[in-house]
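Listed here are the chains, written in short residue letters.
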Amino acid sequence: MSTVPASVGVSAGSAAFTPPAIDGNLTGRHIVSVEQFARPDLDDLIRVAADLRTRVRTGDQSVLKLCRRRIMATLFFEASTRTDMSFQAAMLRLGGEVVATAGGVQFSSVYKGENLADSVRAAGSYADVVVLRHPEVRSSYEAAYQLDQLTTRLGTRSVVVSGGDGVGEHPTQALLDLFTIIDFKGKADGLAVTLVGDLAHGRTVHTLAKLLALYGAEGLRLQLVSPESLRAPRGILDFVRERGVEVHETDSLDEVIGSSDVIYWTRVQQERFASEADYEAIAGQFIMTPDVLAKASDEVILMHPLPRKHEMGTEAGHAILDADPRSVYFHQMQNGMYVRMALLAGVLGAHE
Ligand code: NCD
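These numbers were taken from a predicted model, which means no experiment stands behind them. (Residues numbered from 1 in each chain as written. Predicted model: local features only at pLDDT ≥ 70, side-chain atom pairs only at ≥ 80, totals over all residues. Heavy atoms only, no water.)

Some thoughts on the packing of helix 2 (residues 82–93) against helix 12 (residues 329–347)
Closest axis-to-axis distance for the helix 2/helix 12 pair is 8 Å, and the angle between their directions is 50 degrees. Considered as vectors, helix 2 and helix 12 are oriented oblique to each other. The handedness of the crossing between helix 2 and helix 12 comes out as right-handed. Side by side, helix 2 and helix 12 meet where Arg82, Thr83, Ser86, Phe87, Ala89, Ala90, Met91 and Arg93 of the first sit next to Met333, Gly336, Met337, Arg340, Met341 and Leu344 of the second. A per-class count over the contact of helix 2 with helix 12 returns 8 nonpolar, 3 polar and 3 charged. (Axes fitted to C-alpha atoms, helices over the stretch in contact; angles between N-to-C directions. Helix = DSSP H or I, 4+ residues; strand = E, 2+ residues; numbered from the N terminus. Parallel < 35°, antiparallel > 145°, perpendicular 65-115°, else oblique. Left-handed = near helix turned anticlockwise from the far one by under 90°. Contact = heavy atoms within 4.5 Å. Nonpolar A, V, L, I, M, F, W, Y, C, P; charged D, E, K, R; others polar.)

Below, the structure written as structure tokens:
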């Protein structure tokens, strides 16, 4: 995908925007940060996602009525396979419709120099919900702020759901990750969750760490494994520690792999490095292979937000890892659709 023009930006107006708490009701809410969710909201979301999964798998046609005649617009200014397609599939499985600029955002007016605010206002004036992925941190806050202004002008309501804000948050990914952990482990209490890879730039790990802290599981431990130069941002560490989560940072996977209940492997975020040389210097570190997984317990689950590159070894290694019952990244990938169904039905006020 070509680079987003520099004119796209976050306005001063949205600087003070604070994402509203869900507070037991998703209807009409923008979804831009996991900080909006409290434990009861998360338990509700997990329950609804699991229920929708059962209904979809059993061919329950009533699901198709939930978002009938509702429209979702997608605005993806960064590459995506799973997030984009799972949102689209989620809306279609709820009986809704999906619009996007024909040919992708590279054919939208952004490439004539239009700013983010106007692109979002266009999407929001046609659709009930706008899914936005954008390389700038807080871009979804800008979208939420602009859509609130638009509601005042037009009297119609459209909400944004973030599909990832640069190195900031990727809230729906963290929600599907939490759902997957609870799905396989039954609870989050007492788990040792090991996050591995580019913890400096990886928005999935930033967001999951925050969400696990917000979930308030008893005795949950985070083991953060990365090269020294790619450690998690201080703000994330402070956030989770302030909420009572024990955090252990290390550059030695061997130190923590055996004691892990969940291993969350991640890609080195090449597109976020200032220079190719910086990327090359650490790209080869922390490669998951069958030999590495052999050091983990029989009960561990291996997660990965995908896409995977060399950090998951060779194609031959992929085949062995994929066949290992501890690898749950394809379940995780499909769970993304069910969690997004639960979110879309929720924000659009579709119940039952
Ligand atoms: C991730 C993302 O885009 O942040 N992918 C995803 O949404 N499943 C992870 C990544 O790109 O490494």
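Some words on the side chain of aspartate 324
Assignment of secondary structure puts aspartate 324 in the loop between helix 11 (315–323) and helix 12. Within the structure, the side chain of aspartate 324 is placed 2.9 Å from the backbone nitrogen of arginine 326, a separation counted as a polar contact. (Polar contact = N/O pair within 3.5 Å; in protein donor to acceptor, adjacent residues only side chain to side chain.)

Details of the confidence of the model for the protein chain
Mean pLDDT for the protein chain: 94, with 97% of residues reaching 70 or above. When the criterion is pLDDT under 50, residues 1–8 qualifies, and its contacts beyond four places in sequence or with other chains add up to 24 contacts. (pLDDT = per-residue confidence, 0-100.)

Here we look at helix 5 (residues 171–185)
Here helix 5 spans 21 Å end to end across 15 residues, near enough to the 21 Å set by a 1.5 Å rise per residue. Of all 15 residues in helix 5, 12 are buried; the element is thus mostly enclosed. Among the residues making up helix 5, those that are buried are Pro171, Thr172, Gln173, Ala174, Leu175, Leu176, Asp177, Leu178, Phe179, Thr180, Ile181 and Ile182. Positive backbone phi, at 80 degrees, marks glycine 186, one or two positions downstream of helix 5. (Expected span 1.5 Å × (residues − 1). Buried < 20%, exposed > 50% of the residue type's maximum accessible area, 1.4 Å probe, protein only.)

What to know about the pairing of strand 6 (residues 221–225)
Taken across its 5 residues, strand 6 has 4 buried, putting it largely inside the fold. Of the crossover connections in this fold, the one passing from strand 5 (residues 192–196) over helix 6 (residues 203–215) to the parallel strand 6 is right-handed. In this sheet, strand 7 (residues 246–250) lies alongside strand 6 in parallel orientation, the contact comprising 5 bridges. Paired with glutamine 223 across the two strands is histidine 248, which belongs to strand 7. For the crossover from strand 6 across helix 7 (residues 234–242) to strand 7, the handedness is right-handed. (Right-handed = clockwise from strand over helix to strand, strands pointing away. Pairing = 2+ DSSP bridges.)

A short note on the site of the ligand
The full set of residues close to the ligand is Thr83, Arg133, His170, Gln173, Arg203, Thr204, Arg267, Gln269, Pro305, Leu306 and Pro307. Arginine 133 is positioned with one of its side-chain polar atoms (N or O) 3.1 Å from an oxygen atom of the ligand. The contact in question runs from a nitrogen atom of the ligand to an N or O atom on the backbone of proline 305, over 3.0 Å. Against a free-state accessible area of 320 Å², the protein chains account for coverage of 93% of the ligand. Tallied by class, residues from the shell around the ligand come to 3 nonpolar, 5 polar and 3 charged. (Near = heavy atom within 4 Å. Areas by Shrake-Rupley, 256 points an atom, 1.4 Å probe, with all protein chains shown as cover.)

Looking at the sheet that holds strand 5
Strands sit in the order 7-6-5-8-9 across an open sheet of 5 strands; the sheet is parallel. In this open sheet, the two edge strands, each paired with only one partner strand, are strand 7 and strand 9 (301–303). The sheet shows a mean angle of 20 degrees between the axes of neighbouring strands, direction not considered. Judged from the 4 bridges that link them, strand 5 and strand 8 (residues 262–265) form a sheet pairing that is parallel. Across the sheet, the residue bridging to valine 196 is tryptophan 265, located in strand 8. Along the sheet face, helix 6 touches strand 5, strand 6 and strand 8 and points at about 160 degrees away from the line of strand 5.

Some details on the environment of tyrosine 338
Mapping tyrosine 338 onto the fold places it in helix 12. With relative accessibility at 2%, the residue tyrosine 338 sits in the buried group. Sequence separation between tyrosine 338 and histidine 351 is 13 residues; the distance between their C-alpha atoms is 15 Å. When residues no more than four places from it in sequence are discounted, the contact partners of tyrosine 338 are Ala49, Leu52, Arg53, Val56 and Arg57.

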